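# Structural overview
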There are 2 protein chains.
Amino acid sequence: MKTIGFDSHNHDACISDALGMATDICAQQKLQFTPVRRRVLEILLHEHRAMGAYDILEVLSSEGLGSQPPVVYRALDFLVKHGLAHRIEGLNAYTACAHLDHEHVPAFLICRTCKAVAETDTGIAQGRLGQAAASAGFTIEKVVVEAEGLCPNCTGAAA
Amino acid sequence: MKTIGFDSHNHDACISDALGMATDICAQQKLQFTPVRRRVLEILLHEHRAMGAYDILEVLSSEGLGSQPPVVYRALDFLVKHGLAHRIEGLNAYTACAHLDHEHVPAFLICRTCKAVAETDTGIAQGRLGQAAASAGFTIEKVVVEAEGLCPNCTGAAA
DNA sequence: AACCGTGATGTTATAACATATCAATACGTG
DNA sequence: CACGTATTGATATGTTATAACATCACGGTT
Ligand SMILES: [Zn+2]
Ligand SMILES: [Zn+2]
Ligand SMILES: [Zn+2]
Ligand SMILES: [Zn+2]
């Protein structure tokens, strides 16, 4: 398990790697990785941060790839459904998956200042929450774990 | 730590206890527990489930306590800020706090069918997420933990 | 009493996020 | 090509949340 997001890295390689993996995943599962879907993933990858659907739409629109909300929501639905992106509930926003290479239950560290998002992994369902659910007779289908706070870059410069 | 929410209980007592505790808490902290704020908490307590702001507003409105969104949002802000209620990020909804008697980091079990919400507690910040944050240099200020699934009452009757 | 600061409300308008619906088009497969 | 399915285009609407500004109610000060 590696937490990805705040460290500096070769971002061009990071993007093209992820895009390549996404292409493979779609090919394997016979999913259509259409231009809009690919471009939305690219946009999300380009920023390592959470973006609102309308932020993304603005970019798409400026490129002639669609200008109505359904365009971006359909692409996001596709990406989220197939694990290529995740929805950040706490922000009503979206971010590219940083762990395409393996199954995972994502957990996020979200900077409240710069909105950078780091994705990590957690075995939460096996921990206290899992116990609580079991003892309450509750069947967990999906878990949201999101931590808000300050990223390393913003900790010093906090207001 | 007790998970509260799906078990049947003396709900009238449950409501009046919580309302009493809330009154005490506001008194201690010299907060104004005004009619609208009290009524919103009552409404949330009455249902042990997540309610949207506009659902609450509808009730308020029918009682002459206010008819515009800011009325309910201000009351909810107050309640959430002071720990009397919690926001359920996964639903863009709100629920009364079920653990007024002690400090806690809430975690929720949310039934996707009936929207019942059980509130439990988790030491998440001390677990793997805390480790990941520490090693990434991230300062956690707030954690959202929400599990969606089926409550005991809906598990059998699932569609 | 007149004045002022603070917190709470009232009110209008709008921003931000998301979906319903239906027509049109592309795509793979036999 | 003909068929069913997936995707896209387009319009409208629904849902959640906040900005902005006016007003009220209360307590302390002069
Ligand atoms: Zn990167
Ligand atoms: Zn930051
Ligand atoms: Zn109760
Ligand atoms: Zn249920």
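### Section: the interface of chain A and chain B
In this assembly, 38 residues from chain A lie in contact with 38 residues from chain B. Of the roughly 3000 Å² buried at the junction of chain A and chain B (both faces included), carbon and sulfur atoms supply 57%. The largest contributions to the chain A side of the interface with chain B come from A:Arg128, A:Phe138 and A:Glu148, which together make up 20% of the buried area. Where chain A meets chain B, there are four salt bridges. Note that B:Glu148 is salt-bridged to A:Lys142, the shortest N-O span being 3.5 Å.

### Details of the relation of the copies chain A and chain B
Its rotation angle being 179°, the transformation that places chain A on chain B also includes 0.1 Å of axial translation and leaves an RMSD of 0.1 Å. These values place the two chain copies in the arrangement generated by a two-fold rotation axis. Across chain A, the smallest distance between a C-alpha and the rotation axis is recorded for A:Val145, namely 2.3 Å. When the interface residues of chain A are mapped onto chain B, 100% of them again fall at the interface, so both copies present the same face.

### A look at the protein's contact with DNA strand D
Surrounding DNA strand D, one finds 13 residues, the nearest of these being A:Thr34, A:Arg37, A:Arg74, B:Tyr54 and B:Arg87. Each atom of DNA strand D within 4 Å of the protein was classed as base or backbone; sugar and phosphate made up 48%. The separation between a phosphate oxygen of DNA strand D and a polar side-chain atom of A:Thr34 is 2.8 Å. Elements represented by at least two residues in the surface near DNA strand D include exactly helix H4 (69-81) of chain A together with helix H4 (69-81) of chain B.

### Describing the coordination of the zinc ion (ligand 1)
Residue and element names in this part refer to chain A. Bound to the zinc ion (ligand 1) are the protein donor atoms His9 (NE2), His11 (ND1), Cys14 (SG) and His48 (NE2), situated 1.9 to 2.2 Å from the metal. Here the zinc ion (ligand 1) is ringed by four donor atoms whose angles at the metal span 86 to 125°, and the overall shape comes out tetrahedral. Read in sequence order, the donor residues for the zinc ion (ligand 1) give the motif H-x1-H-x2-C-x33-H. In this pair, His9 sits in the segment before helix H1 (11-28) while His48 sits in the loop between helix H2 (35-46) and helix H3 (53-62), placing the two residues 39 residues apart along the sequence. Overall, the relative accessible area of 33% leaves His9 in the partly exposed class. Since its relative accessible area comes to 24%, His48 is described here as partly exposed.

### With respect to the protein's contact with DNA strand C
In the region of DNA strand C, 14 residues are neighbours, and A:Tyr54, A:Tyr73, A:Arg87, B:Thr34 and B:Arg74 sit closest. Here the atoms of DNA strand C within 4 Å of the protein split so that 43% fall in sugar or phosphate, with bases taking the remainder. Separating a base nitrogen of DNA strand C from a side-chain N or O atom of A:Tyr54 is a distance of 2.8 Å. Contacts to DNA strand C include A:Tyr94, whose side-chain N or O atom sits 3.4 Å from a phosphate oxygen.

### Considering the pattern of salt bridges
Applying the stated criterion across every chain, the model contains 14 salt bridges over all chains. Here B:Glu47 ties to B:Arg49 by a salt bridge, and the two come within 2.8 Å at their closest N and O atoms. Its relative accessible area of 26% is what places B:Glu47 among the partly exposed residues. Connected through shared salt-bridge partners, A:Arg87, A:Glu89, A:Lys142 and B:Glu148 make up one network.

### Considering the pairing of strand S4 (residues 117-121) of chain A
Residue and element names in this part refer to chain A. S4 sits mainly inside the fold: five of its five residues count as buried. Residue alternation in S4 divides its side chains into two sets, Val117, Glu119 and Asp121 and Ala118 and Thr120, and both sets are buried. Linking strand S3 (residues 106-111) back to S4 in an antiparallel pair, the connection comprises five residues, with Lys115 at a positive phi of about 65°.

### Some thoughts on the packing of helix H2 (residues 35-46) of chain B against helix H3 (residues 53-62) of chain B
All names here are of chain B. Contact geometry of H2 with H3 gives a least axis separation of 10 Å together with a crossing angle of 120°. In this view, H2 runs oblique relative to H3, as classed from their interaxial angle. Here H2 runs over H3; the crossing is right-handed. For the pair H2 and H3, the contacting residues are Val36, Arg39, Val40, Ile43 and Leu44 in the first and Ile56, Val59 and Leu60 in the second. Tallied by class, the residues present in the contact of H2 with H3 amount to seven nonpolar, no polar and one charged.

### As for the coordination of the zinc ion (ligand 4)
All names here are of chain B. Of the protein atoms, only Cys111 (SG), Cys114 (SG), Cys151 (SG) and Cys154 (SG) coordinate the zinc ion (ligand 4), at distances of 2.2 to 2.4 Å. In this structure, the zinc ion (ligand 4) is surrounded by four donor atoms whose angles at the metal cover 106 to 112°, and the resulting shape is tetrahedral. Counting residues between consecutive donors of the zinc ion (ligand 4) along the chain gives the motif C-x2-C-x36-C-x2-C. Within this pair, whereas Cys114 is found in the loop between strand S3 (106-111) and strand S4 (117-121), its partner Cys151 is found in the loop between strand S5 (139-150) and helix H6 (152-156), the two being separated by 37 residues in sequence. Relative accessible area serves as the criterion here: at 32%, Cys114 is assigned to the partly exposed category.

The rules we used
- Residues numbered from 1 in each chain as written.
- Chains lettered and ligands numbered in written order.
- Predicted model: local features only at pLDDT ≥ 70, side-chain atom pairs only at ≥ 80, totals over all residues.
- Heavy atoms only, no water.
- Contact = heavy atoms within 4.5 Å.
- Buried area = accessible area lost by both parts, 1.4 Å probe.
- Salt bridge = Lys/Arg side-chain N within 4 Å of Asp/Glu carboxyl O.
- Least-squares fit on C-alpha atoms with pLDDT ≥ 70 in both.
- Near = heavy atom within 4 Å.
- Polar contact = N/O pair within 3.5 Å; in protein donor to acceptor, adjacent residues only side chain to side chain.
- Helix = DSSP H or I, 4+ residues; strand = E, 2+ residues; numbered from the N terminus.
- Donors = N, O, S within 2.8 Å, 3.2 Å for Na, K, Ca; no water.
- Tetrahedral: all angles 85-135°; square planar, octahedral: opposite > 155°, others 65-115°.
- Buried < 20%, exposed > 50% of the residue type's maximum accessible area, 1.4 Å probe, protein only.
- Pairing = 2+ DSSP bridges.
- Axes fitted to C-alpha atoms, helices over the stretch in contact; angles between N-to-C directions.
- Parallel < 35°, antiparallel > 145°, perpendicular 65-115°, else oblique.
- Left-handed = near helix turned anticlockwise from the far one by under 90°.
- Nonpolar A, V, L, I, M, F, W, Y, C, P; charged D, E, K, R; others polar.

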